[in-house]
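Okay, here's what each chain looks like letter by letter:
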Amino acid sequence: MHIIYAVTTCSDRVYRQLFADAPRKPAFQSQKYHRLLIEGLAAGAKVDVVANPPVNREVLKKAFVRLPRETEGGACYRYIPAVRNPVVKAVFVGVGTFFRTACLAGKDSAVVVDCLNRMTALAGLLAAKLRGRRCVGIVTDLPDMLGGSAFSKKLSNFVIRHCTDYVLLTQAMNDYLNPEGKPHVILEGHSDIAMERQEPSPARKASPRVCMYAGGVSKQYGLENLVKGFQKADLPDARLEIYGPGDYVQELSQIAAEDSRIFYGGMLLNAEIVEREMAATLLVNPRPTGEEYVKYSFPSKTMEYMSTGTPVLTTVLPGMPKEYHPYVYLLEEETADAIAEKLGGIFAQPADVLFEKGMAAREFILKEKNNVSQAGKILAMLKKDGMQ
């Protein structure tokens, strides 16, 4: 079987080369999601990545950059030239993705697109249609519930409607997007199988103890409640560390300047974030569950958190299968007072109890939800109709 994966991404090597010293970095969640899925697919199929590097004018100083073809994680990355001018860039992305995908899509090939990468996804879809190949649409958020123009939402929904197969996060998402019952797999995400080489240990834990969050730093994601809850908790030997971009950053920075127990660390490369997660005492996802979009989502940070061996506290997300519940601490009330009480109870437990909780979660997520086994479910879906 041959997979052509058309997406805005790049290899991990190129990502580090482009963004290690950049003051602003593209969201690493998307980069990591696609990199891991590409590596997982490459474990069971030939994979060519038609890659549009995630650069903009702030990062790209030259007018035109052509990145060489390279192999990483078992997949061949074929880059669309990076162009500084946004209009010319859109033309290069659309035309380049279409022709490269069409040329690669031979017998027993399937095209995979990220439906939220609108121009890349549309070009990949059209190439698949031209060659009579299946087009698997990955949908990680509902376009109707995201920001952006009405046209951009219509374009994403057009791509979604015309895909032949889907990779979706939750059953609710399938009910919403797939009324025709097209072939699909529901994968809430995937952990990095390479994390098996990491060795969590109590000796790696930071002192003073750390409660940590990494992701979108927005009130919409419950960050204000987390900060207030931590401040209310009686944890004199602990600090709260927060990393990431968002509309709460300015207010958070002011709070951190006045409270030495709270630290805002900005945006880091994902490898640096994972190191800090492994040194933390507790990882927190305070995302509120009352918003409509939440039942269609599954935060990728949950899987990353669990893979580190550090225990996780999360709200009871409606998109989280109940099989996860025994492996995490659940925050059933989402007020600052409830967070304070929960943090106090968790931090009162012995270090060995916390370590065992984190390691049980790590074993579950790396065994049952790693990127190779999850990608294997996509390949199995494609093989049902006779692809080799």
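Quick note: structure is the one above.
Below, the structure is looked at part by part. (Residues numbered from 1 in each chain as written. Predicted model: local features only at pLDDT ≥ 70, side-chain atom pairs only at ≥ 80, totals over all residues. Heavy atoms only, no water.)

1. Here we look at the pattern of salt bridges
The tally for this structure, following the rule as stated, stands at 18 salt bridges. Of the charged contacts in the structure, one is a salt bridge between Asp-48 and Arg-78, with a shortest N-O distance of 2.9 Å. In this pair, Asp-48 sits in strand β2 (residues 46-51) while Arg-78 sits in strand β5 (residues 75-79), placing the two residues 30 residues apart along the sequence. Between Glu-292 and Lys-295 there is a salt bridge, with the nearest N and O atoms lying 3.3 Å from each other. (Salt bridge = Lys/Arg side-chain N within 4 Å of Asp/Glu carboxyl O. Helix = DSSP H or I, 4+ residues; strand = E, 2+ residues; numbered from the N terminus.)

2. Side note on the packing of aromatic side chains
For the coordinates displayed, the defined rule picks out eight aromatic pairs. Measuring from centroid to centroid gives 5.3 Å for Tyr-324 and Phe-364, while their planes differ by 85°, and the two rings are edge-to-face. Here Tyr-324 is found in the loop between β15 (312-315) and β16 (329-331), whereas its partner Phe-364 is found in helix α12 (residues 351-368), with 40 residues between them in sequence. Classification of Tyr-324 as buried rests on a relative accessible area of 0%. A relative accessible area of 8% places Phe-364 in the buried class. Look at Tyr-327 and Phe-364: their rings are 4.5 Å apart centre to centre, the planes differ by 10°, and that puts the pair in the stacked class. Remark: Phe-364 occurs in helix α12 and Tyr-327 occurs in the loop between β15 and β16; sequence separation between them is 37 residues. Judged by relative accessible area, Tyr-327 falls into the partly exposed class, the value being 27%. Aromatic rings pair up to connect Phe-298, Tyr-324, Tyr-327 and Phe-364 into one cluster. The positively charged end of Lys-357 is found above the aromatic ring belonging to Tyr-329, 4.8 Å away from the centroid. (Phe/Tyr/Trp six-rings, centres within 6.5 Å; stacked < 30°, edge-to-face > 60°. Buried < 20%, exposed > 50% of the residue type's maximum accessible area, 1.4 Å probe, protein only. Lys NZ or Arg CZ within 6 Å of the ring centre and 35° of its normal.)

3. Digging into helix α8 (residues 249-258)
Restricting attention to buried positions, one finds in α8 the residues Val-249, Leu-252, Ile-255 and Ala-256. Looking straight down α8, one finds its buried side chains confined to an arc of 120°; they lie on one side. When the buried face of α8 is taken as reference, the exposed residues oriented beyond 90 degrees from it are Gln-250, Ala-257 and Glu-258. Looking at the buried positions of α8, the neighbouring elements they touch are α7 (223-232), β12 (238-243) and β13 (262-264). (Arc of directions from axis to C-beta. Contact = heavy atoms within 4.5 Å.)

4. Details of the sheet that holds strand β4 (residues 70-72)
Ordered by their spatial adjacency, eight strands build an open sheet running β4-β5-β2-β1-β7-β8-β9-β10, and the pairing between neighbours is mixed. The outermost strands of the open sheet, each flanked by one partner alone, are β4 and β10 (184-186). Neighbour-to-neighbour, the strand axes of this sheet turn through a mean angle of 20°, independent of strand direction. Note: β4 against β5, three bridges, orientation antiparallel. (Pairing = 2+ DSSP bridges. Axes fitted to C-alpha atoms, helices over the stretch in contact; angles between N-to-C directions.)

5. As for the packing of helix α2 (residues 28-42) against helix α13 (residues 371-383)
Packed helices, taken two at a time, are described by the angle their axes make and the gap between the axes. Axis separation between α2 and α13 bottoms out at 8 Å; the angle between their running directions is 70°. Looking at the two axes, α2 sits roughly perpendicular to α13. Once α2 is placed against α13, the crossing between them reads as right-handed. The segment α2 lies against α13, with Leu-36, Leu-37, Glu-39, Gly-40 and Leu-41 engaging Asn-371, Val-372, Ala-375, Ile-378 and Leu-379. For the contact of α2 with α13, the class distribution of residues is seven nonpolar, two polar and one charged. (Parallel < 35°, antiparallel > 145°, perpendicular 65-115°, else oblique. Left-handed = near helix turned anticlockwise from the far one by under 90°. Nonpolar A, V, L, I, M, F, W, Y, C, P; charged D, E, K, R; others polar.)

6. Focus: the nonpolar core
Counting residues in each nonpolar core, the largest one holds 94 residues, and the members touching the most others are Ile-3, Tyr-5, Leu-41, Val-49, Ile-242 and Leu-343. Top contributing element to this core by residue count: α2, with six residues. What Val-49 contacts, discounting residues up to four positions off in sequence, is Tyr-5, Val-7, Thr-9, Ile-38, Ala-75, Cys-76, Tyr-77 and Arg-78. (Core = buried A, V, L, I, M, F, W, Y, C linked by side-chain atoms within 4.5 Å.)

7. Quick notes on the state of the cysteines
According to the stated counting rule, one finds zero disulfides in the structure shown. The thiol of Cys-103 is unpaired, and the distance to the nearest cysteine sulfur, on Cys-76, comes to 14 Å. (Disulfide = S-S within 2.5 Å.)

8. A look at unusual backbone geometry
In the segment running from Ser-207 into Pro-208, the intervening peptide bond is cis, with an omega of 0°. By the element assignment, Pro-208 lies in the loop between β10 and β11 (209-214). Its identity as a non-glycine residue notwithstanding, Asp-108 has a phi of 60°, on the positive side. Topologically, Asp-108 is positioned in the loop between α3 (86-104) and β7 (109-114). The class for Asp-108 is partly exposed, based on a relative accessible area of 28%.

9. Digging into the sheet that holds strand β14 (residues 282-285)
Strand order in the open sheet made by the six strands is β13-β12-β11-β14-β15-β16, with parallel pairing throughout. Looking along the sheet, the strands with just one partner apiece sit at the ends: β13 and β16. Sheet twist, expressed as the mean angle between neighbouring strand axes with direction ignored, is 25°. Sheet topology places β11 next to β14; two bridges connect them, and they run parallel. The residue bridging Cys-211 from the neighbouring strand is Leu-282, located in β14. Packing of helix α11 (residues 336-347) onto the sheet brings it into contact with β11, β12, β14, β15 and β16, and relative to β16 it is tilted by some 165°.

10. Quick notes on α3
Here α3 is 19 residues long and its end C-alpha atoms lie 26 Å apart, about the 27 Å a rise of 1.5 Å per residue gives. Buried residues along α3 sit against β1 (2-7), β2, β5, β7 and α4 (118-131). Regarding α3, its N-cap is Asn-85, as a side-chain oxygen of that residue lies 3.0 Å from the backbone nitrogen of Val-87 further along. (Expected span 1.5 Å × (residues − 1). Polar contact = N/O pair within 3.5 Å; in protein donor to acceptor, adjacent residues only side chain to side chain.)

11. Some words on the pairing of β2
Counted residue by residue, β2 has five buried out of six residues, so it is predominantly covered. Where β1 meets β2, six bridges bridge the pair, whose relative direction is parallel. What sits directly across from Ile-3, in β2, is Val-47. Where β2 meets β5, four bridges bridge the pair, whose relative direction is parallel. Looking at β5, one finds that Ala-51 is bridged to Tyr-79.

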